[in-house]
Amino acid sequence: MNVALGGTFDPVHDGHRKLFERAFELGDVTVGLTSDELAPETRHVERYVRPYDRRKRDLEVELEPRAEEHDREFAVRELTEPTGIAVEPEFDALIVSPETKAGGERINDIRREHGHDPLDLVVVGHVTAEDGERISSTRIVAGEIDEHGNLTPGREGRGATRPE
């Protein structure tokens with residue numbers, strides 16, 4: 001099975017790791033990583049996003065051991081539009097989170113319009129932080145939590161602009 005998922009992954013956290021794990025359980029994985037131009041458009045809060053090459057490097061470090069453990073292949077491809085790679089015919093499943101399920105349904109509409117079979121949408125639930133709220137990159141960047149959801153009082157976040 002060919003599995004797709006996408007995101008900005010800045011920084012990678014335990015919620016992302018849960019998505020990756022489920023993807024590799026199902027098959028070979030292609031991760032669409034938002035381009036530097038697209039990444040700010042996909043944020044609901046303005047914040048600095050690290051450059052594509054740094055995010056890709058960190059993402060590959062996360063994916064390599066999981067691919068090896070499951071004896072799967074993986075690829076990271078640049079996303080330049082929100083529907084990204086998932087509209088391509090070779091994919092069978094799309095890993096989504098609860099808040100991105102509607103986007104997956106839109107992708108399936110596009111696939112049908114192009115004569116492709118719809119993807120199996122595999123919804124992976126959130127991972128909660130120590131405070132019971134969901135882990136998110138936005139919270140990590142703000143300095144509220146670390147990548148595992150531990151509260152980090154007193155830690156300064158990355159902020160909305162590029163660090164000097």
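Treat the numbers as computed from the prediction; the structure is a model and nothing was measured.

Conventions and cut-offs
Residues numbered from 1 in each chain as written. Predicted model: local features only at pLDDT ≥ 70, side-chain atom pairs only at ≥ 80, totals over all residues. Heavy atoms only, no water. Salt bridge = Lys/Arg side-chain N within 4 Å of Asp/Glu carboxyl O. Helix = DSSP H or I, 4+ residues; strand = E, 2+ residues; numbered from the N terminus. Buried < 20%, exposed > 50% of the residue type's maximum accessible area, 1.4 Å probe, protein only. Expected span 1.5 Å × (residues − 1). Contact = heavy atoms within 4.5 Å. Polar contact = N/O pair within 3.5 Å; in protein donor to acceptor, adjacent residues only side chain to side chain. 1 Å grid on protein atoms, 1.4 Å probe; cavity = no way out; pocket = protein on both sides within 12 Å on 5 of 7 lines; lining within 4 Å. Points joined across faces, edges and corners; volume = space filled by probe spheres on them. Nonpolar A, V, L, I, M, F, W, Y, C, P; charged D, E, K, R; others polar. Pairing = 2+ DSSP bridges. Axes fitted to C-alpha atoms, helices over the stretch in contact; angles between N-to-C directions.

**Student:** Hey, could you run me through the pattern of salt bridges in this one?
**Tutor:** Between side chains of opposite charge, a pair can form as their charged atoms come close. On inspection of all chains with the given rule, the structure shows 17 salt bridges. Residues Arg-66 and Glu-62 are paired through a salt bridge, measuring 3.5 Å at the closest nitrogen-oxygen approach. Of this pair, Arg-66 and Glu-62 both sit in helix H2 (residues 52-70), four residues apart, roughly one helical turn. Each member of the pair, Arg-66 as well as Glu-62, is classed as buried. Where Glu-99 meets Arg-134, a salt bridge forms, and the shortest distance between an N and an O atom there is 3.7 Å. Taken together, the residues Glu-99 in the loop between strand E4 (93-96) and helix H3 (101-113) and Arg-134 in the loop between strand E5 (120-123) and helix H4 (137-142) connect sequence positions 35 residues apart. On the basis of relative accessible area, Glu-99 is assigned to the partly exposed category, the value being 45%.

**Student:** What should I look at first to understand helix H1 (residues 14-26) in this one?
**Tutor:** At 3.6 residues per turn, the α-helix brings residues three or four places apart onto the same side. The terminal C-alpha atoms of H1 lie 19 Å apart, and with 13 residues this matches the ideal 18 Å at 1.5 Å per residue to within 8%. Close packing links the buried residues of H1 with strand E1 (2-7), strand E2 (28-34), H2, strand E3 (74-79), E4 and H4.

**Student:** Explain the side chain of Arg-55 here, please?
**Tutor:** Within the secondary structure layout, Arg-55 lies in helix H2. On the accessibility criterion, Arg-55 (0% relative accessible area) is buried. Engagement of the side chain of Arg-55 in a polar contact is seen with the backbone oxygen of Thr-8, the distance being 3.2 Å. A polar side-chain atom of Arg-55 sits 2.9 Å from the main-chain carbonyl oxygen of Thr-34. In contact with Arg-55, other than residues within four places in its own chain, are Thr-8, Phe-9, Asp-10, Leu-33, Thr-34, Ser-35, Asp-36, Ala-39, Val-49 and Arg-50.

**Student:** Help me understand unusual backbone geometry in this model?
**Tutor:** Most of the time, phi is negative for any residue but glycine, and the peptide bond is trans. The peptide bond linking Asp-10 to Pro-11 adopts the cis configuration, its omega dihedral lying at -5 degrees. Tracing the backbone shows Pro-11 in the loop between E1 and H1. Unusually for a residue other than glycine, Phe-9 sits at a positive phi of about 50 degrees. Relative to the helices and strands, Phe-9 resides in the loop between E1 and H1. A residue is classified by how much of its surface remains accessible, and Phe-9, at 3% relative accessible area, is buried.

**Student:** Before we go on, may I ask you to explain the layout of surface pockets in this structure?
**Tutor:** Over the atoms, a rolling probe the size of a water molecule traces out where space has been left empty. Estimates place the volume of the largest pocket at around 1,100 Å³. If you go around the largest pocket, you meet 44 residues; those closest to its centre are Gly-6, Gly-7, Ser-97, Glu-99 and Thr-100. Mapped onto the lining of the largest pocket, the elements with two or more residues apiece are E1, H1, E2, E4, H3 and H4. Of the residues in the lining of the largest pocket, the class split is 17 nonpolar, 21 polar and six charged.

**Student:** Honestly, the sheet that holds E5 in this entry has me stumped. Any pointers?
**Tutor:** Note on sheets: strands pair through backbone hydrogen bonds, and any given pair is parallel or antiparallel. Spatially, five strands are ordered E3-E2-E1-E4-E5 in an open sheet, and the strand pairing comes out parallel. Every other strand in the sheet has two partners, leaving E3 and E5 as the edge strands with one partner each. Going across the sheet, the axis of each strand differs from the next one's by a mean of 25 degrees, ignoring polarity. Looking at chain direction, E1 and E4 are connected through two bridges and run parallel. Pairing of Ala-4 across the sheet is with Leu-94, part of E4. Docked against the sheet, H3 engages E4 and E5, running at close to 175 degrees with respect to E5.

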